[in-house]
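What follows is the residue order along each chain.
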Amino acid sequence: MQSVSLVCLSNSLFGSAVTAAPSSSCLRFPPLFRRITNSTTSSFHLQNCRPLRSTGSSSDSAQVTEMASKGAQDQDPRMARISSAIRVIPNFPKPGIMFQDITTLLLDTKAFKDTIDLFVERYRDQNISVVAGIEARGFIFGPPIALAIGAKFVPMRKPNKLPGEVISEEYSLEYGTDKMEMHVGAVQPGERALIIDDLIATGGTLCAAIKLLERVGVHVVECACVIELPELKGRERLGNKPLFVLVNGA
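Position labels on residues start from 1 in each chain and follow its written sequence. Under the rules for a predicted model, residues below a pLDDT of 70 receive no local features and side-chain atom pairs below 80 are neither given nor counted, while totals for whole chains, interfaces and linings still include all residues. Excluded from the side-chain calculations are hydrogens and water; all other atoms, namely the structure's heavy atoms, are used.

The next point concerns the overall build of the protein chain. Each helix is a run of DSSP H or I of at least 4 residues and each strand a run of E of at least 2, with the numbering of both proceeding from the N terminus. Helix and strand counts for the protein chain stand at seven helices and 13 strands. Buried, partly exposed and exposed residues are distinguished by accessible area as a fraction of the type maximum, computed with a 1.4 Å probe on protein chains only: under 20%, between the cut-offs, and over 50%, respectively. Looking at the 250 residues of the protein chain, the share that counts as buried comes to 50%. Residue-level accessible areas treat just the shown protein chains as cover; the underlying method is Shrake-Rupley with a 1.4 Å probe. Of the roughly 11500 Å² of accessible surface on the protein chain, 52% is carried by carbon and sulfur atoms.

On to the environment of aspartate 114. Secondary-structure assignment places aspartate 114 in helix 4 (residues 109-123). Residues aspartate 114 and methionine 79, 35 residues apart in the sequence, show an inter-C-alpha distance of 8.0 Å. Contact criterion: two residues are considered in contact whenever any of their non-hydrogen atoms come within 4.5 Å of each other. Excluding residues that lie within four positions of it along the chain, aspartate 114 makes contacts with Arg78, Arg81 and Ile82.

Let us now look at the state of the cysteines. Disulfides are defined in this document as cysteine sulfur pairs within 2.5 Å. Scanning the entire structure with this criterion turns up zero disulfides. The thiol of cysteine 207 is not disulfide-bonded; the next cysteine sulfur, from cysteine 223, is found 8.0 Å away. Owing to a relative accessible area of 13%, cysteine 207 belongs among the buried residues under this scheme. In this structure cysteine 223 is not part of a disulfide, and its nearest cysteine sulfur, from cysteine 225, lies 7.1 Å away. You can call cysteine 223 buried: its relative accessible area is 0%.

Taking 1.5 Å of rise per residue, the twelve residues of helix 5 (residues 138-149) would be expected to cover 16 Å, and the 16 Å separating its terminal C-alpha atoms lies within 8% of that figure. Along helix 5, the residues that are buried comprise Gly138, Ile140, Phe141, Gly142, Ile145, Ala146 and Ile149. On the buried face of helix 5, the contacting elements are helix 3 (103-107), helix 4, strand 7 (130-134), strand 8 (152-156), strand 11 (192-200) and strand 12 (219-228). Here a helix's expected span is defined as the number of its residues, less one, multiplied by 1.5 Å.

Attention now goes to the pairing of strand 13 (residues 243-248). By the criterion of burial, strand 13 is predominantly enclosed, with six of the six residues buried. Between any two strands, at least two bridges found by DSSP are needed for them to pair. As paired strands, strand 12 and strand 13 are joined by five bridges and run parallel to one another. Bridge pairing in strand 13 places glutamate 228 opposite asparagine 248.

Time to look at the packing of aromatic side chains. Two aromatic rings, drawn from Phe, Tyr or Trp (for Trp, its six-membered ring), form a pair once their centres lie within 6.5 Å of each other, and the interplanar angle then sorts them: stacked below 30 degrees, edge-to-face above 60, tilted otherwise. For the structure on display, the rule yields five aromatic pairs. Considering the side-chain rings of phenylalanine 119 and phenylalanine 244, the 5.9 Å spacing of their centres and the 85° angle between planes classify their relative orientation as edge-to-face. Placement of phenylalanine 119 in helix 4 and of phenylalanine 244 in strand 13 is noted, with a sequence separation of 125 residues between them. The class for phenylalanine 244 is buried, based on a relative accessible area of 0%. A ring pair is formed by phenylalanine 139 and phenylalanine 153, whose centres lie 6.0 Å apart and whose planes are at 90°; its orientation type is edge-to-face. Highlighted residues: phenylalanine 139 in helix 5 and phenylalanine 153 in strand 8, separated in sequence by 14 residues. Here the aromatic residues Phe119, Tyr123 and Phe244 are joined through ring pairs into a cluster of three or more. Against the face of phenylalanine 244 rests arginine 122, its NZ or CZ located 4.2 Å from the ring centre. Over a ring means this: the NZ of a Lys or the CZ of an Arg is within 6 Å of the ring centre and within 35 degrees of the ring normal.

Moving on to the packing of helix 4 against helix 5. One can describe the packing of helix 4 onto helix 5 by two numbers: an axis separation of 9 Å at closest approach and a directional angle of 50°. Classified by the angle between their axes, helix 4 and helix 5 sit oblique to one another. Considering the relative orientation of helix 4 and helix 5, their crossing is right-handed. Of the residues in helix 5, those touching helix 4 at Phe112, Thr115, Ile116, Phe119, Val120 and Tyr123 are Ile140, Phe141, Pro144, Ile145, Ala148 and Ile149. Gly is placed with the polar residues, together with every amino acid not listed as nonpolar (Ala, Val, Leu, Ile, Met, Phe, Trp, Tyr, Cys and Pro) or charged (Asp, Glu, Lys and Arg). Partitioning the contact of helix 4 with helix 5 into residue classes produces eleven nonpolar, one polar and no charged. Note on geometry: axes are C-alpha line fits, over the in-contact stretch for helices, and angles between N-to-C directions span 0 to 180 degrees. Note that the term roughly parallel is reserved for angles under 35 degrees, roughly antiparallel for angles over 145, roughly perpendicular for angles of 65 to 115, and oblique for everything else. Helix crossings get a hand from a simple test, with the near helix turned counterclockwise from the far one by less than a right angle marking a left-handed crossing and a clockwise turn marking a right-handed one.

This next bit is on the nonpolar core. If you look at the biggest cluster of nonpolar residues, it comprises 33 residues, and the most contacted ones within it are Phe119, Tyr123, Phe141, Ile145, Ile149 and Leu246. For this core, the elements supplying multiple residues, two or more each, are helix 2 (78-85), helix 4, helix 5, strand 11, strand 12 and strand 13. Counting residues per element, this core draws most heavily on helix 4, which supplies six residues. Setting aside chain neighbours within four positions, we find isoleucine 145 in contact with Ile116, Phe119, Val120, Leu194 and Ile196. By nonpolar core we mean a set of buried residues, namely Ala, Val, Leu, Ile, Met, Phe, Trp, Tyr and Cys, connected to one another through side-chain atoms within 4.5 Å. Residues Ala132, Leu206, Cys207 and Leu213 belong to the second largest nonpolar core, which totals 27 residues.

What follows is the structure in structure tokens.
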């Protein structure tokens, strides 16, 4: 299997990039709960539903979750439609990069609606009052989810983008550091938040968003992304914070 050696997180609004040729798409779709009580997840190839990785309190519970997830995926054509709508562009923005392009997903109105619907179905009954979207592609998926579940949308932005008073959190990049900012007063202590982005790679931006919200007393219920690049181990960087992902991008 080809290993990932370089990652490029583009500033482009519509895609994310990674070095590695695309393989069969995989899905992470744990059972829905009225309350999110754990972070057990499962992954399956679309073609043969082979489990890639599961985490949980015991091997028995992980196996039960895998079986339930497999049944849900086999019966739900939305999952395959979402995966097939995401385009991979080789050698962009530079040689050796395989760019995960979601513009084709946005052009497919059915697949785009399926994506939003799956998130809404998961979070509608979780008493979430805040959907925090990470710049920039979290701004695409976050607002429709927030409207559908009756939550407010809070943008998590790069430095000097928000006009009011902000609090910030610094995080590491491959070379150097960056900051994420949020308006003071946008959230209140005790609120329950969902953090949304299009893709998790190394997990740096999600970690910064979690820290930023928790600093002001917000409970982060879960992080959610359309795509995960598992070779980059971003999930591990989140520690015990639950992560919900629809499609594996590599």
